[in-house]
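Below, each chain spelled out in residue letters.
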Amino acid sequence: MTQEQNQVAPNSLRGEQVIRTIVREHQGLWRIIDLMDLLEQDMNINANPPDELLFNTIFDYIQHFSNRVHSQPTEIRLYAVLREKSPESGPLLDKLEKGYVIGHEKLLELRQLLKECMANWPNGRESFGHGLSRFSAALRKHIKKEEGVVLPRARSLLTDEDWNKIVAARDQQDDPLFGDRVKEEFRDLRLKIISLTPERLGGLGLVHTERVTAHKKGQELLSIKDLVTSYGQIEVLHNIDITINSGEIVSLVGANGAGKSTLLMTISGLQPTNKGQIIFDGEDLSKISADKRVSKGIVQVPEGRQVFKDMTVYDNLLLGAYTRSKDPSIQDDIEKIYSKFPILRQKRYNLAGELSGGQQQMLAMGRALMARPRLLLLDEPSMGLAPLIIEEIFEIVRELKDEGMTIFLVEQNASQALALADRGYVLETGVVVLQGTGRELLSNEKVREAYLGM
Ligand SMILES: Nc1ncnc2c1ncn2[C@@H]1O[C@H](COP(=O)(O)OP(=O)(O)O)[C@@H](O)[C@H]1O
Ligand SMILES: [Mg+2]
């Protein structure tokens, strides 16, 4: 509290409410700045490349704030009203307004510095770090000026009528400080930031994979070479070659009976190989049991969900962590799954058999995530679900990818699976007949005819 604030009696009750809202918004922003400083220190002390997604989300948050203000047709409403009442505040308000514009440019610069820092790590760390410190210092100064000078002046000079005008502006202008829709957007971004922030820095640490960092992203994680699998005498998979890189969604599409599930079970070790190799993270899996593969991070969500129907949702989730039985963070992870799938929290004491198909699919995915996969194998997650739920399931798959998870998505639902995928393969009676980027396959004549019914 500044002296000015202490001395002046409030002129308006409405004003008190509005100021409280502004201060609360500032506090939210202030915490984000604190986090930015922590992350910068972490980068310098631990010499870890920055988490690109987390930083960009933070920049989104700040940019959102600045955009909303800066893109107004007129200047910020509060500033405008205060200008009328207090001409001597003009220069300061000019300066603060200009700060928004400069801040906007600086954010673009920071994003560029981040990109360069990621690409050339550890080169570029210093420039990015300096950019960050200068930016957070400027932002703090800006907030202090608003709280120390602008708000106290407004508090003493503006009337109820003025404040009502400011508040009324929210509906037309999405005023960043009061608009409900804008507030909602801020809340979403803030939640994302909290989720992505590592636990040691006070976040939820939602990322379940080892964070995919600059030097790992795009590296080969799974490599299947010349793989043959049979049921007895019948050869089902013929000389399969498939590669999955870290951080990718790779989709495998093919008709019923093509051998998709057989391939996934071969990868997870539930089905033996006759010939060929499966290399995961540089290690040949041939001598490694299915259980051990789960501990190494290969986790499958089987076709048809296969949750334990007469056990509760909670117990199903707990079972997903069976390979980590002594890990003290299991309860925290269950909380994270609940925040990803709120319906599972709501139904946590229900038997899994009481859930709808879509809910069971979410449970099956949640259970798989409890094993902290590095490669998630999804076998037809959309099977038998209503379009609305399918959207939701694919949206979650996309989110997992954003968090750095590597995903092998098997689907008969080719259009959506390929639209989501970085790369894809088409399997026909046990043979890979086509491969390419998701986009290439979607526009491929043959795929359109055979799988998209076009
Ligand atoms: N346990 C099994 N024993 C013998 N044949 C099987 C078994 N499971 C699947 N098959 C056969 O293997 C082929 C591939 O099946 P599958 O991998 O389930 O295909 P998809 O998942 O693509 O529908 C099919 O011809 C199927 O009949
Ligand atoms: Mg199948």
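Everything that follows concerns the structure shown earlier in this document.
Note that the coordinates shown come from a computational prediction; the quantities given were computed from them, not determined experimentally.

## Let's talk about the site of ligand 1
Here's step 1: Within the structure, ligand 1 sits among Tyr231, Val236, Ala255, Asn256, Gly257, Ala258, Gly259, Lys260, Ser261, Thr262 and Glu303.
Here's step 2: Residue Ala258 places a main-chain N or O atom 3.2 Å away from an oxygen atom belonging to ligand 1.
Here's step 3: Thr262 is positioned with one of its side-chain polar atoms (N or O) 2.5 Å from an oxygen atom of ligand 1.
Here's step 4: Burial of ligand 1 by the protein amounts to 55% of the accessible area it has alone, namely 560 Å².

## Some words on the coordination of the magnesium ion (ligand 2)
When a metal holds four donors in a tetrahedron, each ideal angle between them is 109.5 degrees; when it holds six in an octahedron, the ideal angles are 90 or 180 degrees.
Here's step 1: Surrounding the magnesium ion (ligand 2) are the protein donor atoms Ser261 (OG) and Glu303 (OE), which sit 2.0 Å from the metal. Placement of the pair is Ser261 in helix 9 (residues 260–268) and Glu303 in the loop between strand 6 (298–301) and helix 11 (313–320), with a sequence separation of 42 residues.

## Re the sheet that holds strand 7 (residues 375–379)
Here's step 1: Strand order in the open sheet formed by 6 strands is 6-7-8-3-9-10, with mixed pairing between adjacent strands. The sheet terminates laterally at strand 6 and strand 10 (431–437), the two strands that pair on one side only. Strand-to-strand twist across the sheet, computed as the mean angle between neighbouring axes with direction ignored, equals 15°.
Here's step 2: In this sheet, strand 7 lies alongside strand 6 in parallel orientation, the contact comprising 4 bridges. Across the sheet, the residue bridging to Ile298 is Leu375, located in strand 7.
Here's step 3: The strands touched by helix 14 (residues 357–369) are strand 6 and strand 7; relative to strand 6, the strand with the most contacts, the crossing angle is about 170°.

## Side note on helix 9
Here's step 1: Of all 9 residues in helix 9, 7 are buried, a share of seventy percent or more.
Here's step 2: Every buried residue of helix 9 is accounted for by Lys260, Thr262, Leu263, Leu264, Thr266, Ile267 and Ser268.
Here's step 3: Gly269 lies just past helix 9 and shows a positive phi near 90°.

## What to know about the pairing of strand 3 (residues 249–253)
Here's step 1: Of all the 5 residues making up strand 3, 5 are buried; the element is thus mostly covered by neighbouring parts of the structure.
Here's step 2: Going residue by residue along strand 3, you find Ile249, Ser251 and Val253 tucked away on one face and Val250 and Leu252 tucked away on the opposite face as well.
Here's step 3: Sheet topology places strand 3 next to strand 8 (residues 406–411); 5 bridges connect them, and they run parallel. Counterpart to Val253 in the pairing with strand 8 is Glu411.
Here's step 4: Pairing analysis gives 4 bridges linking strand 3 to strand 9 (residues 423–428), with the strands arranged parallel. In the sheet register, Val250 faces strand 9, and the bridge partner there is Arg423.

## Some points on the pattern of salt bridges
Opposite charge on two side chains allows them to pair when their charged atoms are near.
Here's step 1: One pass over the full model with this rule turns up 22 salt bridges.
Here's step 2: Salt-bridge contacts for Arg111 lead to Asp60; the nearest nitrogen and oxygen are separated by 2.8 Å. A residue pair is termed long-range when its members are at least 10 positions apart, and Arg111 in helix 5 (residues 90–120) and Asp60 in helix 3 (residues 52–70) qualify at 51 residues.
Here's step 3: One salt bridge connects Lys446 with Glu428, and the closest N-O pair in it is separated by 3.5 Å. Residue Lys446 is found in helix 18 (residues 445–451), and its partner Glu428 is found in strand 9; the two are separated by 18 residues along the sequence.
Here's step 4: One network of salt bridges, with partners in common, ties together Asp34, Asp37 and Arg140.

## Notes on a nonpolar patch on the surface
Here's step 1: Side chains of Phe308, Leu319 and Tyr322 sit close together on the surface and give an oily, nonpolar patch of about 280 Å² of accessible area.
Here's step 2: Counting through the fold element by element, Tyr322 comes out in the loop between helix 11 and helix 12 (330–340).
Here's step 3: Taking the relative accessible area as the measure of exposure, Tyr322 reaches 42% and is therefore partly exposed.

Conventions adopted
Residues numbered from 1 in each chain as written. Chains lettered and ligands numbered in written order. Predicted model: local features only at pLDDT ≥ 70, side-chain atom pairs only at ≥ 80, totals over all residues. Heavy atoms only, no water. Near = heavy atom within 4 Å. Polar contact = N/O pair within 3.5 Å; in protein donor to acceptor, adjacent residues only side chain to side chain. Areas by Shrake-Rupley, 256 points an atom, 1.4 Å probe, with all protein chains shown as cover. Donors = N, O, S within 2.8 Å, 3.2 Å for Na, K, Ca; no water. Helix = DSSP H or I, 4+ residues; strand = E, 2+ residues; numbered from the N terminus. Pairing = 2+ DSSP bridges. Axes fitted to C-alpha atoms, helices over the stretch in contact; angles between N-to-C directions. Contact = heavy atoms within 4.5 Å. Buried < 20%, exposed > 50% of the residue type's maximum accessible area, 1.4 Å probe, protein only. Salt bridge = Lys/Arg side-chain N within 4 Å of Asp/Glu carboxyl O. Patch = residues over 30% accessible without salt bridge, like charges linked within 9 Å, V, L, I, M, F, W, Y side chains within 5 Å.

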